[in-house]
Protein chains: 2
Amino acid sequence: MTIQQAKEYSSWIEVSNSSDFPLFNLPLGIYSSDNESSYAASRIGDTLIDLHALHSLGYFSSIDLPDMIFAQETLNDFISLGKATHREWRARMLEIFGKDCGDLRDNAAHLEHVLMPVEKAEMMMPVFVPDYTDFYSSREHATNVGIMFRGKENALMPNWLHIPVGYHGRASSIVVSGVDLHRPKGQQLPNDATEPVYGPSKMMDFELEMAFITTDGKPLGQRIKTEEAEDYIFGMVVFNDWSARDIQKWEYVPLGPFLGKNFGSSISPWIITLEALEPFRCASPTQDPQPLAYLQTQGERTFDIQLEVAIQPENAEPSTVCRSNFKYLYWNMAQQLAHHTVNGCNINAGDMMASGTISGPTEDSFGSMLELAWKGTKPLTLTDGSTRKFIHDNDTVIMKAHCEKDGFRLGFGEVRSTILPAIND
Amino acid sequence: MTIQQAKEYSSWIEVSNSSDFPLFNLPLGIYSSDNESSYAASRIGDTLIDLHALHSLGYFSSIDLPDMIFAQETLNDFISLGKATHREWRARMLEIFGKDCGDLRDNAAHLEHVLMPVEKAEMMMPVFVPDYTDFYSSREHATNVGIMFRGKENALMPNWLHIPVGYHGRASSIVVSGVDLHRPKGQQLPNDATEPVYGPSKMMDFELEMAFITTDGKPLGQRIKTEEAEDYIFGMVVFNDWSARDIQKWEYVPLGPFLGKNFGSSISPWIITLEALEPFRCASPTQDPQPLAYLQTQGERTFDIQLEVAIQPENAEPSTVCRSNFKYLYWNMAQQLAHHTVNGCNINAGDMMASGTISGPTEDSFGSMLELAWKGTKPLTLTDGSTRKFIHDNDTVIMKAHCEKDGFRLGFGEVRSTILPAIND
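Residues numbered from 1 in each chain as written. Chains lettered and ligands numbered in written order. Predicted model: local features only at pLDDT ≥ 70, side-chain atom pairs only at ≥ 80, totals over all residues. Heavy atoms only, no water.

1. Things to note about the sheet that holds strand S5 (residues 122-124) of chain A
Residue and element names in this part refer to chain A.
Then step 1. One open sheet holds the five strands; their spatial order is S4-S3-S2-S1-S5, and the pairing between them is antiparallel. Where the open sheet ends on each side, the last strands, each with one partner, are strand S4 (115-117) and S5. Looking at each pair of strands side by side, their axes are set apart by 50° on average, direction ignored. (Pairing = 2+ DSSP bridges. Helix = DSSP H or I, 4+ residues; strand = E, 2+ residues; numbered from the N terminus. Axes fitted to C-alpha atoms, helices over the stretch in contact; angles between N-to-C directions.)

If you want it as structure tokens, here you go:
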């Protein structure tokens, strides 16, 4: 699938050239219009498509879909149907909404049930996340953090070039864009102190990541190989792995991050499928040393996805503080998933696997405040003149992701969340 | 609740003195008799009680319980009803099965629906586990591992006496007693090698743990304090945190254990409630230094639970290799849960929080092969004459837990699982 081919799909629903959601995208999400019932949705331009309404009106009668598959609080059951069904659904959507198809376009009564302006819908968590894993796959990020904490000579740990290092995170506190979080409290060891103290984190940070969402996998004990891994990936979202650096620093030895992370992670509401991203495939960085056979991949196994992070202080304009790209990641998703299951670990529909902070080669492409302000030694100046070493109370962090090539744009929209002051108890 | 009071509860169902399941226990589990439908159950002696049958016959009409609450694949919905309802259920069960109550005892038609021999039932996973956390709360275990890897002087990490160190684990691969697991494959760095290799783990280990299962908690952002923490704990199981030491050793820096653990963890099928354990409350070890205020607890906050581990080679008798006790743990469950939520992390019904390996003060009370055979330097000799540094293929590991005092016994039964050879692919 080339850019030219993808561009040729155009809809009778209006889409501006700057929209992340041309017909070819067809993201999936869950929306509520009344805070009570929720339904699966897709989106073209600024128009939301109620998939349950569409299904109820018979538009998917050619596909083997349960009646209530889109009338649920999450997409998990749809994801469980598997990639073959997802592709049938996608093909049918391209047909229904293609500019020459009048079936829905010319049926005013149907249109009224199926379409609505996106601004009238509240987007909910698109999936229930049974298990969440966070990788650490950016060489630039691992190197930056390594230099800060262990010096330039020992920046990368000995295992880093051999395995896509990862760890388990907390699934319960993953929230959708628009849900604000309180600054976490916890135990920290202040610099030069010998005894820890308890209080609100003083080093609130974001981490610019993307996450993929899996389908059901194989039975416990069986592995998924790199060459089949993409068949088990449903789609991707933008992921803000909020981090309280002072809590993390004191707690993480020897078993890894815990309360410095699990107070919340934020995701963008629309899942973009791998099929939609297909025209933007590209190569990963060369891997040297060559990984062990079970981690080797062939061909272009990553995507050219432009990323940016902005900080918006209360009552001020947002300032972009980072521009990065998903393609910088050293380990690709097929390698991550093959590694995760090589010991027989089982995966389920809705599992979320985040990339780790996506830092690029230049200082303005670093994906966290820890790196951008280099441990607080180089504060950033925002457009309102204020400075930041870390995130302040009432700051909103906005992450966006999109692909763009030869005048064709397709994207993820954004994930946005405000850090509220710590709860006083 | 004293031992004497608990002892006075006796049932018209026969219970031997050596049984883990006197009337006072009333554990909860999920069973299947036909591999298709599953129901909630309790147990007295060797008799299984079908709770859905009991409910359908009207025995719980005094309690506000949904009709199908016990006709489900997990106990999660029952757990979500909260501790007040659980206590009503327990009081009613003590009544129905008390020796002087003839309502069920004398109704042959009802008995036929409600009771069956436990050996006819297959016990299933009692809960769906939304999130799983593993603590590291045994001072003896942390010290042993510390001595092995960092020497006696630096055995305990600086944070260990200040926080109940923990990390997130994989929920999807937690299996019930009786489910066997294949030896995991993965990447390891052999001793003195400079390049990693791929293959089956050569250092398969168990970890003797117990886990508590939570009720629903508070909304994201709010903490659970130590003094209210036990109101959010439904009950406990025995937990085998299988560990592949060679995989773990190579991967765990800096983000903690991952594939060395997530190929599987095994639990005992019956959940024992805190109410049943009440007569066996006891004090935890004295904590010095005193923890920060948010981690302090009053009174007896742990339980005297005797633990043992046996290894059974194929076609041989089991050999007991470890005897330990839950009360050795330095950090109690109220402290673990208060710490876990102090940053606002939310918990849900069915979440599982394991204790970490429960090692005691003596060499025969260490809770893992790593410690018992001291990194392979002191192999154990089993009763069949064979020796073990770690777990061999086709070894079955059996963990048991029970409380016993003044001639009154109450326990958990066992968790048993066999390590099958690695899958050849």
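2. Let's talk about the relation of the copies chain B and chain A
Then step 1. Between chain B and chain A, the superposition needs a rotation of 180° and an axial shift of 0.0 Å, giving an RMSD of 0.0 Å. Both copies of the chain, as the preceding transformation shows, are related through a two-fold rotation axis. In terms of proximity to the rotation axis, the leading residue of chain B is B:Gly256, whose C-alpha is 2.1 Å off the axis.
Then step 2. Here 100% of the interface residues in chain B have copies in chain A that are interface residues too; the copies meet face to matching face. (Least-squares fit on C-alpha atoms with pLDDT ≥ 70 in both. Contact = heavy atoms within 4.5 Å.)

3. Overview of the side chain of A:Gln187
Then step 1. For A:Gln187, the position within the fold is in strand S10 (residues 185-188).
Then step 2. Relative accessible area serves as the criterion here: at 3%, A:Gln187 is assigned to the buried category.
Then step 3. Among the polar contacts made by the side chain of A:Gln187, one reaches the side chain of A:Trp250 at a distance of 3.0 Å.
Then step 4. Within polar-contact distance, the side chain of A:Gln187 engages the side chain of B:Tyr294 at 3.1 Å.
Then step 5. Not counting the four nearest positions on each side in its chain, A:Gln187 is found in contact with A:Pro196, A:Val197, A:Asp246, A:Ile247, A:Trp250, B:His162, B:Ile163, B:Leu292, B:Tyr294 and B:Leu295. (Buried < 20%, exposed > 50% of the residue type's maximum accessible area, 1.4 Å probe, protein only. Polar contact = N/O pair within 3.5 Å; in protein donor to acceptor, adjacent residues only side chain to side chain.)

4. Structural notes on the interface of chain B and chain A
Then step 1. If you look at the interface, chain B gives 62 residues, while chain A gives 62 residues.
Then step 2. Across the chain B-chain A interface, the total number found is six salt bridges.
Then step 3. For A:Asp131, the salt bridge is made with B:Arg170, and the minimal N-O distance between the two is 3.6 Å.
Then step 4. At the junction of chain B with chain A, the criterion picks out 26 residue pairs in polar contact (both at pLDDT 80 or more).
Then step 5. Of all the elements in the fold, those that place two or more residues in the side of chain B that touches chain A are strand S6 (132-135), strand S7 (166-169), strand S10 (185-188), strand S11 (197-200), helix H9 (245-251) and helix H11 (333-341) of chain B.
Then step 6. Looking at which element gives the most residues to the side of chain B that touches chain A, the answer is S7(B), with four residues.
Then step 7. Its residues assigned to classes, the side of chain B that touches chain A comprises 34 nonpolar, 19 polar and nine charged. (Salt bridge = Lys/Arg side-chain N within 4 Å of Asp/Glu carboxyl O. Nonpolar A, V, L, I, M, F, W, Y, C, P; charged D, E, K, R; others polar.)

5. Regarding the layout of surface pockets
Residues and elements named next belong to chain A.
Then step 1. Roughly 1100 Å³ of volume is contained in the largest pocket.
Then step 2. Surrounding the largest pocket, 41 residues form its lining, Phe 149, Arg 245, Gln 248, Lys 249 and Tyr 252 being those nearest its centre.
Then step 3. For the lining of the largest pocket, the secondary structure elements donating two or more residues are strand S6 (132-135), helix H7 (139-150) and helix H9 (245-251).
Then step 4. Looking at which element gives the most residues to the lining of the largest pocket, the answer is H9, with five residues. (1 Å grid on protein atoms, 1.4 Å probe; cavity = no way out; pocket = protein on both sides within 12 Å on 5 of 7 lines; lining within 4 Å. Points joined across faces, edges and corners; volume = space filled by probe spheres on them.)

6. Examining unusual backbone geometry
Residues and elements named next belong to chain A.
Then step 1. Omega for the bond connecting Val 253 with Pro 254 falls within 30 degrees of zero, at 5°, which places this linkage in the cis form.
Then step 2. Tracing the backbone through its elements, the reader meets Pro 254 in the loop between H9 and strand S16 (265-267).
Then step 3. With a phi angle near 70°, Asp 192 is a residue other than glycine that sits in the positive phi range.
Then step 4. Topologically, Asp 192 is positioned in the loop between S10 and strand S11 (197-200).
Then step 5. Judged by its relative accessible area of 82%, Asp 192 falls in the exposed class.

7. Quick notes on the domain arrangement of chain A
Residue and element names in this part refer to chain A.
Then step 1. In terms of domains, chain A is made up of domain 1 (3-124) and domain 2 (132-420).
Then step 2. Computed from C-alpha coordinates alone, the two centres of domain 1 and domain 2 are separated by 29 Å.
Then step 3. On the domain 2 side, the residues contacting the 29 residues of domain 1 number 32 residues.
Then step 4. A per-residue breakdown of the area domain 1 buries against domain 2 is headed by Ile 3, Ile 79 and Lys 83, which together make up 26% of the total.
Then step 5. Linking domain 1 with domain 2 are three salt bridges.
Then step 6. With a closest N to O distance of 2.8 Å, Asp 20 and Arg 409 form a salt bridge.
Then step 7. The interface formed by domain 1 and domain 2 holds 12 residue pairs in polar contact (both at pLDDT 80 or more) in total.
Then step 8. Those elements that place two or more of their residues in the side of domain 1 that touches domain 2 are helix H1 (3-7), strand S2 (38-44), helix H3 (76-80), helix H4 (83-96) and S5.
Then step 9. Class assignment of the residues belonging to the side of domain 1 that touches domain 2 gives a composition of 14 nonpolar, nine polar and six charged. (Domains from an automatic or database assignment. Buried area = accessible area lost by both parts, 1.4 Å probe.)

8. Remarks on the pairing of strand S3 (residues 47-50) of chain A
Residue and element names in this part refer to chain A.
Then step 1. Across the two faces of S3 the burial is the same, with Thr 47 and Ile 49 and Leu 48 and Asp 50 all buried.
Then step 2. One ladder, built from four bridges, connects S2 with S3; its direction is antiparallel. In the strand pairing of S3, Arg 43 is matched with Leu 48.
Then step 3. Where S2 folds back onto S3 in an antiparallel hairpin, the turn is made up of two residues, including Gly 45, whose phi is positive at roughly 55°.
Then step 4. When S3 meets S4, the two strands line up antiparallel, connected through three bridges. Along S4, the bridge assignment pairs Ile 49 with Leu 115.

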